Structures are given as C-alpha cells and as structure tokens.
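Next come the chains, spelled out residue by residue.
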Amino acid sequence: MLSKTETLSKEQLQKKFISRSFNTSATLWFIAAVIGQWIFAIYVAAFYGGAAMDGDFMKWNRVLPHGYVEGEPMGNLAVALHLLFAVVVMLGGPLQFSTKIRKWAPSFHRWSGRIYIGSAFLISLSGIYMVISKGTISGLVGDISVSINGILILFFAYLAIKRAMQKNFVSHSEWVLRLFLVMGGVWFFRIGLMFWLLVNNGPVGFDPETFRGPFLVFLGFGQYLIPLGIAELFLRAKKTKKSSMQIATAFILLTCTFITVIGTFAATMGMWLPRLS
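As the structure is a computational prediction, the values presented were derived from the model and not from experiment.

The next point concerns the environment of Met58. Mapped onto the elements, Met58 comes out in the loop between α1 (4-53) and α2 (73-92). Sequence separation between Met58 and Thr24 is 34 residues, and the spatial gap between their C-alpha atoms is 45 Å.

Below, the structure written as structure tokens:
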C-alpha cells in the first residue's frame, strides 16, 4: 500500500501535470494565432500597401466593396487608416504579452502599449465610420455585428488604460487579452469561414452570391463572442485551479488550435496567396 506521503506526492504530481498541460494548450493556441495573424498582416500590407504604392487604389475594390471611391476623401482615408493600423496591431499586439519585455524593457512595453491602445481607437473609429458610410457585404446584420465589434474595442481599450493607471496590472493584462481578441475579429471571421468551407467542401448555410445566410449571421457575432467566451473560461480556470475545469479548458483550447491552424492554412492557400499572385 502507498503511504500517506506517497499518496500526496502522487496527487501533487497529477495536479502539476494537469496545470502544465493547461498552460501548454494555451501557449499552443497563442502561437498558432500569432503566426496566423502575422500571415494576414503580411498579406494586408502586400496587397493593399502594394496597390497604394503603385497608385492603383481601385485594386482595393477587388476585396473590399467600395473600398476606394473617387471623390470621397474621408471614406478613403478611413479605409487607409483602418488597414494601416490593422497591420500595426497584428504585428505588434503579441509583444504586449511578453513577460521578458515587461521585465527587461519596461519603457518599451509602456510605449508599445500606448501605440497599441492608440491604434485600437483608430481602428475602431475608422471601422465604425466605414460601416456608416459604406456598409458591409453582409447587409444589416453585418453592419450591426461589425459595429458591436468596434464598440467592444473602444470599451476594452479604455478599461485596459484605466486598470494600468490604477496599477491593477492583473486586471490590466486580462483586459488587454480581451482587447487582443476583439481586435482579431476580422481575422477570426476569415479563418472561421475558410475552415467551414474546407470541412464542408463548399458553402453550407449561406449563399456565396449574396453573402447571406444563417451561418454568416452566426459567424458575424461569433467572430468575437466565441473567443471572448473561451477567454473567460481560461481566466476562470487559471484562477480557480480546479483540475476538472483546467482539463476541459485545455481540451477546448487544443480544439481551437486545430481549427486555427487549419483555418489559417485554408485562408492562406485559398484566399490570400492567390490575390498576391
């Protein structure tokens, strides 16, 4: 028979293994998300930035309906700012989570954080303006879902600043995580859509011609509500340290990692690379 000391040691090892698996699953998803967003950022910079450098702004309309309209300087400026700062936050956002940068280069962390938060405000305001002035391809439902996404970005950015000023850095990091997720809404939508098309071998639940249908309604709101819901589950599991909750969360995160990798691959090969050729 195992002694009491040996039993406790076994239980401690089990909890340690579960905790490590929980943290590893979160790390794997984060790495997959960062790589996916960097690929998307490179595509945005190459496609839209390349067209701008060539003076061929009408090329934007191949992807964004009414992305560039002659005689509408404010609308065109809003699109340009939105695209520019989208690249900034996707490339620089992951730096906000680096503990090494926070520890060894706190000044850089603060200034990069200010740029990140400032970019969040510009992205949100320009995005909302684009919805009001140009609308979205998904119609009214798309207009509403994108506008809510923009409002959440503003709200989370404000709370991230407020908690930092209050020196409540634990809460600050949680709001930065939420901000990171809602600012990735456009990216989540694209990899979610391409994953859905791949597994179903074509469009299911929506009309590809009109870009209307129940699946797009689900994805329109799910692009930020689903990541936020999983983030809340992760934060609670991290705080409570209950083994059962950490195991369930780790399984969900591993599933999300799989979907993220496949969706990013499908979007890269089926959407982004072809447009750069």
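Moving on to the packing of aromatic side chains. Applying the stated criterion across every chain, the model contains 24 aromatic pairs. Between Phe97 and Phe180, the ring centres sit 5.3 Å apart and the planes meet at 75 degrees, which makes this aromatic pair edge-to-face. Residue Phe97 is found in the loop between α2 and α3 (99-104), and its partner Phe180 is found in helix α6 (residues 169-183); the two are separated by 83 residues along the sequence. Aromatic side chains Trp196 and Phe215 sit 4.2 Å apart centroid to centroid with 10 degrees between the ring planes, which places their arrangement in the stacked category.

Applying the stated rule across the entire model yields two salt bridges. Its salt-bridge partner being Glu174, residue Lys239 comes within 3.1 Å of it at the nearest N-O pair. Separated by 65 residues along the polypeptide, Lys239 in helix α8 (residues 214-240) and Glu174 in helix α6 bring together distant segments of the chain. For Lys239, a relative accessible area of 57% puts it in the exposed group. Between Glu232 and Arg178 there is a salt bridge whose closest N-O contact spans 2.6 Å. On the criterion of sequence distance, the pair formed by Glu232 in helix α8 and Arg178 in helix α6 is long-range, its members being 54 residues apart. With a relative accessible area of 10%, Arg178 lands in the buried category.

For the rest of this paragraph, the subject is the packing of helix α4 (residues 106-134) against α6. Contact geometry of α4 with α6 gives a least axis separation of 12 Å together with a crossing angle of 40 degrees. Here α4 lies oblique to α6, going by the angle between them. Note that α4 runs across α6; the crossing there is left-handed. Note on element contacts: α6 touches α4 through Leu179, Phe180 and Met183, opposite Tyr116, Ile117, Ala120 and Ile123. Taken together, the residues that form the contact of α4 with α6 break down as seven nonpolar, no polar and no charged.

A separate point is the packing of helix α7 (residues 185-199) against helix α9 (residues 243-276). At their nearest, the axes of α7 and α9 sit 7 Å apart, and the two run at 90 degrees to each other. Judged by the angle between their axes, α7 and α9 are roughly perpendicular. In this structure, α7 uses Trp187, Arg190, Ile191, Met194, Phe195 and Leu198 to contact α9, whose residues at the interface are Phe258, Ile259, Thr260, Ile262, Gly263, Thr264, Ala266, Ala267, Gly270, Met271 and Trp272. The residue makeup of the contact of α7 with α9, split by class, is 12 nonpolar, four polar and one charged.

Scoring rules and cut-offs
Residues numbered from 1 in each chain as written. Predicted model: local features only at pLDDT ≥ 70, side-chain atom pairs only at ≥ 80, totals over all residues. Heavy atoms only, no water. Helix = DSSP H or I, 4+ residues; strand = E, 2+ residues; numbered from the N terminus. Phe/Tyr/Trp six-rings, centres within 6.5 Å; stacked < 30°, edge-to-face > 60°. Salt bridge = Lys/Arg side-chain N within 4 Å of Asp/Glu carboxyl O. Buried < 20%, exposed > 50% of the residue type's maximum accessible area, 1.4 Å probe, protein only. Axes fitted to C-alpha atoms, helices over the stretch in contact; angles between N-to-C directions. Parallel < 35°, antiparallel > 145°, perpendicular 65-115°, else oblique. Left-handed = near helix turned anticlockwise from the far one by under 90°. Contact = heavy atoms within 4.5 Å. Nonpolar A, V, L, I, M, F, W, Y, C, P; charged D, E, K, R; others polar.

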